[in-house]
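Per-entry structural report
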Amino acid sequence: MLRLISAAGLGIAFVISISAQAHTTFTVGTATAARGQKATGTIEVPAGSDAALSIPVAVFHGAKPGPVLALVAGSHGTEYTSIIALEKLIGMLNPAEISGTVIVVPLINIQSFEQKVPHLNPVDKKSMNRWYPGKMDGTQTDRASFLITKQVVEQCDHLIDLHGGDLDESLRPYSYWTKTGNENQDQISREMVLAFGLDHIIISADRPKDPQASRYLENTATVRGKPSITAEAGYAGAVETDDLNALVNGCLNVMRYIRSSNAGLTSSRE
Ligand SMILES: [Zn+2]
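Right, let's walk through the structure included here.

Focus on the packing of aromatic side chains
Two aromatic rings, taken as a pair, are described by how far apart their centres are and by the angle between their planes. Summed over all chains, the structure comprises 2 aromatic pairs. Taking 6.1 Å as the distance between ring centres and 80 degrees as the angle between the ring planes, the aromatic pair formed by Tyr80 and Phe113 counts as edge-to-face. With Tyr80 in helix α3 (residues 80–92) and Phe113 in helix α4 (residues 110–115), this pair connects stretches of sequence that are 33 residues apart. Residue Phe113 is classed as partly exposed on the basis of its relative accessible area, which comes to 38%. Between the NZ or CZ atom of Lys126 and the centre of the ring of Trp131, over which it lies, the distance is 4.4 Å. Directly above the aromatic system of Tyr176 lies the positively charged group of Arg207, at a separation of 5.2 Å from the ring centroid.

Okay, structure coming up:
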């Protein structure tokens, strides 16, 4: 590098072109999107003590640089409203209009969805929102959690985790705001949860603080300094239009808030 810079104009031009090129694409799993483009693919969880898993992902790498927002659902595969909300958003988002990057993971717990098993991953009987940050030498849920931590959480600046009432739960829409004690971060996540717009907000101050034992997906992002929230709508296997719209519009509202405030703390991909 020193040699390149000492080679005056030519060397500096070379360094700049490499740097610009590094930011022209964004990759999650097998999905690589060029700037201004959308790409779809999978996060491939290899087989271990149990079966492999392919988690679908869509990447919208906006025409203009900006913060990276991750939208995730389906760690409980029978909370249908949250899954369909992200499927709908995948069809709605236009990378040409986005400043920044949106990672969409609509369904983590494929076997829960396919076998209609609430709460747990039927492969290893674990909730897929309790084992973060995960590990590669564990069961399928541990390995999936580890790869989502690496490829989604660590690459984003903000995360929204969507849930709802499961097959045997009757829930009204609500969201969670985590108070960390970091004023700047809490201010941004507070604005995010207010922008999302659900009229009941649970304030949690008792989430684990250890990044190596973060347990929940949203908390995994929060303890890594990324202002993030959780939102829930839908219940008992039903998909009501009002609940669906609440989640879709909530995500879009947070995208507008992030763009208007330029709220990215780290803006790792600018
Ligand atoms: Zn859930």
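A short note on the coordination of the zinc ion
The protein atoms that coordinate the zinc ion are His76 (ND1), Glu79 (OE), Glu79 (OE) and His163 (ND1), at distances spanning 2.0 to 2.3 Å. Angles of 58 to 153 degrees at the metal separate the 4 donor atoms of the zinc ion, which places the site in the irregular class. In primary sequence terms, the donor set of the zinc ion follows H-x2-E-x83-H. Of the two residues examined, His76 and Glu79, each falls in the buried class.

Calculation criteria
- Every chain is numbered independently, its residues counted from 1 as its sequence is written.
- Selection of residues for local features in this predicted model requires a pLDDT of at least 70, selection of side-chain atom pairs for listing and counting requires 80 or more, and totals for whole chains, interfaces and linings are taken over all residues.
- Side-chain numbers here rest on the full set of heavy atoms in the structure, without hydrogens or water.
- The rule is short: rings of Phe, Tyr and Trp, with Trp giving its six-membered ring, pair when the centres are within 6.5 Å, and they are stacked under 30 degrees, edge-to-face over 60, tilted in between.
- For helices the rule is a DSSP run of H or I covering at least 4 residues; for strands it is a run of E covering at least 2, with both sets numbered from the N terminus onward.
- Each residue's exposure class comes from its accessible area (1.4 Å probe, protein chains only) as a fraction of the maximum for that residue type: buried when under 20%, exposed when over 50%, partly exposed otherwise.
- Criterion for a charge above a ring: Arg CZ or Lys NZ at most 6 Å from the ring centre, at most 35 degrees from the ring normal.
- Any N, O or S atom lying within 2.8 Å of the metal counts as a donor, and for Na, K and Ca the limit rises to 3.2 Å; water is left out, so some sites can look incomplete.
- Here the metal geometry follows the donor angles, with tetrahedral for four donors whose angles all fall between 85 and 135 degrees, square planar for four and octahedral for six when opposite donors are more than 155 degrees apart and every other angle is between 65 and 115, and irregular for all the rest.

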